[in-house]
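Per-entry structural report
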Amino acid sequence: MLYRLLGPLEVRHDGEPLSFSPRQRIVLAMLLVEPNRVVAVERLVDAVWDTTPPSTAKEQIRICVSSIRRKLVAGGVPNPIVTRPPGYFIKCTKQDLDLLAFESFVADGRADAVRHRYAEAAEAFSRALALWRGNPLAGVNSRLIESIGVGFDERRLAVTEEYVAAQLRLDDGQDPARQHELISELGELVATNPFREQLRAQLMIALHRAGRRAEALETYRSGRQLFVEKLGLEPGRELVRIEQAILRGDNETVLGPDPNLAPAPATTGVPRLLPADAGDFVGRTDLVRRTRDALSGQHTGSRAIRLVAVHGRPWLGKTSLVVHTAHLMADEFPDGQLFVQLGGSKQALGPGEVLRRFLGALGVPVPVIPDSLEERAEMYRNLIGDRRMLVVLDDAANEKQVLPLLPGNIGCAVVVTSRVKLTNLPGATFISVGPMRRPDSIALLTHVLGPDTALPQSADLSRLAELCVDEPLALRLAAARLAARPHWPVGRLVERMRNDHRRLDELSHGGLDLVTVIRQTYDRLDEGAQLLLRRASLLGPAGFAGWVCAPMLDTTEDDADDALAELVNAGLLDVAREPNGQVRFHLRGLLRIFVRTQLAGEDLRAERVAVLRRIFDIESLRPSTVAHTN
């Protein structure tokens, strides 16, 4: 483990400990207790200074995070800390962080327990508990951290009870030495947690099954006396039930019914998983009509499933379009709507996990859900085989992710969104989403700002829509920024956005920062793909042919093809086939503006001349036409 929280806080790389100052340990601990999730700067301030932060607290946190990054990098650890408003998060896996490994083992144990594989469950719980080295987060001087550590201790005790429960569910004829070891462990736990009834009940059962009936009854009586004297309470029903079973000598029922043998009944409700419709949705009339027609099965006589695949570059409002259309059609699918974000542009969700969620929404109890993808898909298709349902699959990475999620029932319909055209979806109706029409862009701005504010400034609204390149996310952020500043005329924001290097910085509001949103996509690209984007931004709007990539990158055709394929698969380039059959690639919209800003500090003229010289050198050997430059 690189990071260890389940005991004194430790950071080790290649066996060597890395040291941090007390304040750095607090900040690092706060990031690690919520791995892969953004921790707000305000929460870090609370952890360091409690209720008395200085006026410079946020700046000191920033400096502290920078220092932690430097120490990790100096110690040989690739920088895992990411800045993301309103704070920071640390990237970890279960191989890096003992807390994540603990949670993974616990999840495995619970999954085994509900399937009555108690030996495997006990082993998984045992491995989880073996990660603990003492008091969690010891050595970190923070009241907030201390309270979090108390919560961790409670989680350890709960898992300990689950471990013991799995052990008790094993066959009665277990090794006597193991019985004695379990009783000894439970005795220590009850001594240190005397009011924890579950542990006391488990100790009574273990003693009874080991033939130590008198000690089991004494455990009950001493506990009852303690509860009455200290709390004024009688023992709970489970303790009383176990005592009565022991007194009767009833070995069959002393353990009680297996809670996993009585799964909850299937729900009879209709799943309604659609997110809320966008309150400011305007325009897109033709796209909405085409999507509705395809999902309704109009204009076709096919008996195949109704499948619509909506594709387009990021930030063009594909999800809003599909969710809006799905709400309009809800009455046509009375048996419900299923929705899932597949995470294709970030971290793709496997079809097996999606089917687990869908089956749960359809009322299948967790213990009954099969393990294999094939069995889950069969159960899913069978459950909705006679229903009229709409399935919305948002942000798909590829066809492989989608195909297992398609129903077999023509009464159902499916709509998929993706950044690229999923050409291998059989029978799909393909709908391409581009920027909004200028009148629709102005209508969106007017809707958010209100007609009284917007109509007198129509000329500036048109210029603002142009600067937002008619992309819905930019338009909404610009409108929200103006709505939050009623003293600003529209023209003021227009003037601030005229400079490309400032334009994207102006598009932020309410914790949503367009530069951060775009950078998340950009940073996930390999260096070659990033460089190709930057070089492509030196070319004009006419786009470029695929062969241009090698001279642009000054590399081999294979490496250039790999970089181009990565950009196409990420949906960051528009792909168009010209009448002569040639395919051209276009870098457009806000992404183009962002990429141009990444060239800051470079000699753009010299860079452009060098790129074009390499292109023309190769072009002289080819009959095709070079991409136009700015």
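To continue, consider the packing of helix α13 (residues 351-361) against helix α14 (residues 373-383). For the pair α13 and α14, the least separation of the axes is 9 Å and the interaxial angle reads 35 degrees. Here α13 and α14 pass one another in a crossing that is left-handed. Contact residues: Pro351, Gly352, Glu353, Leu355, Arg356, Phe358 and Leu359 in α13; Leu373, Arg376, Ala377, Met379, Tyr380 and Leu383 in α14.

Moving on, we get to a negative patch on the surface. On the surface, Glu557, Asp558, Asp559, Asp561 and Asp562 cluster together into a patch of negative charge. Classification of Asp561 by relative accessible area gives partly exposed; the value is 42%.

Below, the discussion takes up the sheet that holds strand β8 (residues 337-341). Spatial strand order, β8-β9-β10-β7-β11: five strands in an open sheet with parallel pairing. A single partner strand is all that each edge strand has here, and the edge strands are β8 and β11 (429-432). This sheet shows a mean twist of 15 degrees between the axes of neighbouring strands, independent of strand direction. As paired elements, strand β7 (residues 306-311) and strand β10 (residues 413-418) share six bridges and run parallel to each other. Opposite Arg306, over in β10, you have Ala413 as the bridge partner. Along the sheet, α13 makes contact with β8 and β9 (390-396), crossing β8 at roughly 150 degrees.

Time to look at the pattern of salt bridges. Tallied over the full model, the rule gives 34 salt bridges. A salt bridge links Arg241 to Glu238, with the shortest nitrogen-to-oxygen separation between them at 2.9 Å. Placement of both Arg241 and Glu238 in helix α10 (residues 237-248) is noted, with a separation of three residues, approximately one turn of the helix. With a relative accessible area of 26%, Arg241 lands in the partly exposed category. When its relative accessible area of 37% is taken as the criterion, Glu238 is described as partly exposed. A salt bridge links Glu578 to Arg584, with the shortest nitrogen-to-oxygen separation between them at 3.6 Å. Residue classification places Arg584 among the buried residues on the basis of a relative accessible area of 6%. Where salt bridges share partners, they join Arg4, Glu10, Arg12 and Arg133 into one cluster.

Our focus in this paragraph is the side chain of Gln530. If you trace the backbone, Gln530 turns up in helix α23 (residues 527-536). The class of Gln530 is buried, set by a relative accessible area of 14%. Non-local contacts of Gln530, meaning those with residues more than four positions away in its chain, are made with Tyr522, Asp523 and Leu525.

Okay, unusual backbone geometry next. Even without a glycine there, the phi angle at Asn36 is positive, about 65 degrees. Exposure remark for Asn36: the relative accessible area of 39% places this residue in the partly exposed category. In this structure, Trp315 is a non-glycine residue whose phi angle is positive, near 70 degrees. Secondary-structure assignment places Trp315 in the loop between β7 and α12 (318-328).

Right, let's get into the nonpolar core. Soluble globular proteins tend to bury their nonpolar side chains together. Of all hydrophobic cores here, the largest spans 81 residues; its most connected members are Tyr3, Val27, Leu32, Ile61 and Leu72. Counting residues in each nonpolar core, the second largest holds 59 residues, with Trp315, Leu445, Ala529 and Ala563 among its members.

Here we take up the sheet that holds strand β15 (residues 574-577). Pairing within the open sheet is antiparallel, and its three strands lie in the order β14-β16-β15. Looking along the sheet, the strands with just one partner apiece sit at the ends: β14 (544-545) and β15. Across four bridges, the pairing between β15 and strand β16 (residues 583-586) is antiparallel. Following the sheet pairing, Val575 is matched in β16 by Phe585.

The next subject is the pairing of β16. Bridging between β14 and β16 involves two bridges; their strand directions are antiparallel. The residue of β16 that forms the bridge with Phe544 is Phe585. Between β15 and β16, which pair antiparallel and follow one another directly, the connecting turn spans five residues, one of which, Gly581, has a positive phi of 90 degrees.

With respect to the helices and strands, Leu273 occurs in the loop between α10 and α11 (285-296). Measuring from C-alpha to C-alpha, the distance between Leu273 and Val340 comes to 8.1 Å, with 67 residues separating the pair along the chain.

Right, let's get into a nonpolar patch on the surface. On the surface, Phe195, Leu231 and Leu233 cluster together to form a nonpolar patch covering roughly 290 Å² of accessible area. For Phe195, the position within the fold is in the loop between α7 (176-192) and α8 (197-209). The partly exposed category is assigned to Phe195, whose relative accessible area is 40%.

Turning to the confidence of the model for the protein chain, a few remarks are in order. In this model, the protein chain carries a mean pLDDT of 86, and residues with pLDDT of at least 70 account for 91%. Element-level pLDDT for the protein chain is lowest in helix α27 (residues 604-619), with a mean of 62, against a maximum mean of 95 in helix α1 (residues 22-33). Per-residue pLDDT stays below 50 along residues 262-268; that stretch engages in seven contacts with residues further than four places along the chain or on separate chains. In this model, residues 623-630 is a region of pLDDT below 50 whose contacts with residues beyond four sequence positions or in other chains number 28 contacts.

Before going further, it helps to examine the packing of helix α6 (residues 143-169) against α8. Here α6 crosses α8 at 25 degrees, and the two axes come no closer than 10 Å. Accordingly, the angle class assigned to the pair α6 and α8 is roughly parallel. The crossing of α6 and α8 is left-handed. Residues Leu157, Glu161, Val164, Ala165, Leu168 and Arg169 of α6 lie in contact with α8, whose contacting residues are Gln198, Leu199, Gln202, Ile205, Ala206 and Arg209.

Definitions and limits used
- Residues numbered from 1 in each chain as written.
- Predicted model: local features only at pLDDT ≥ 70, side-chain atom pairs only at ≥ 80, totals over all residues.
- Heavy atoms only, no water.
- Axes fitted to C-alpha atoms, helices over the stretch in contact; angles between N-to-C directions.
- Helix = DSSP H or I, 4+ residues; strand = E, 2+ residues; numbered from the N terminus.
- Left-handed = near helix turned anticlockwise from the far one by under 90°.
- Contact = heavy atoms within 4.5 Å.
- Patch = residues over 30% accessible without salt bridge, like charges linked within 9 Å, V, L, I, M, F, W, Y side chains within 5 Å.
- Areas by Shrake-Rupley, 256 points an atom, 1.4 Å probe, with all protein chains shown as cover.
- Salt bridge = Lys/Arg side-chain N within 4 Å of Asp/Glu carboxyl O.
- Lys, Arg positive; Asp, Glu negative; His and termini not counted.
- Charge placed at Lys NZ, Arg CZ, Asp CG, Glu CD.
- Buried < 20%, exposed > 50% of the residue type's maximum accessible area, 1.4 Å probe, protein only.
- Pairing = 2+ DSSP bridges.
- Core = buried A, V, L, I, M, F, W, Y, C linked by side-chain atoms within 4.5 Å.
- pLDDT = per-residue confidence, 0-100.
- Parallel < 35°, antiparallel > 145°, perpendicular 65-115°, else oblique.

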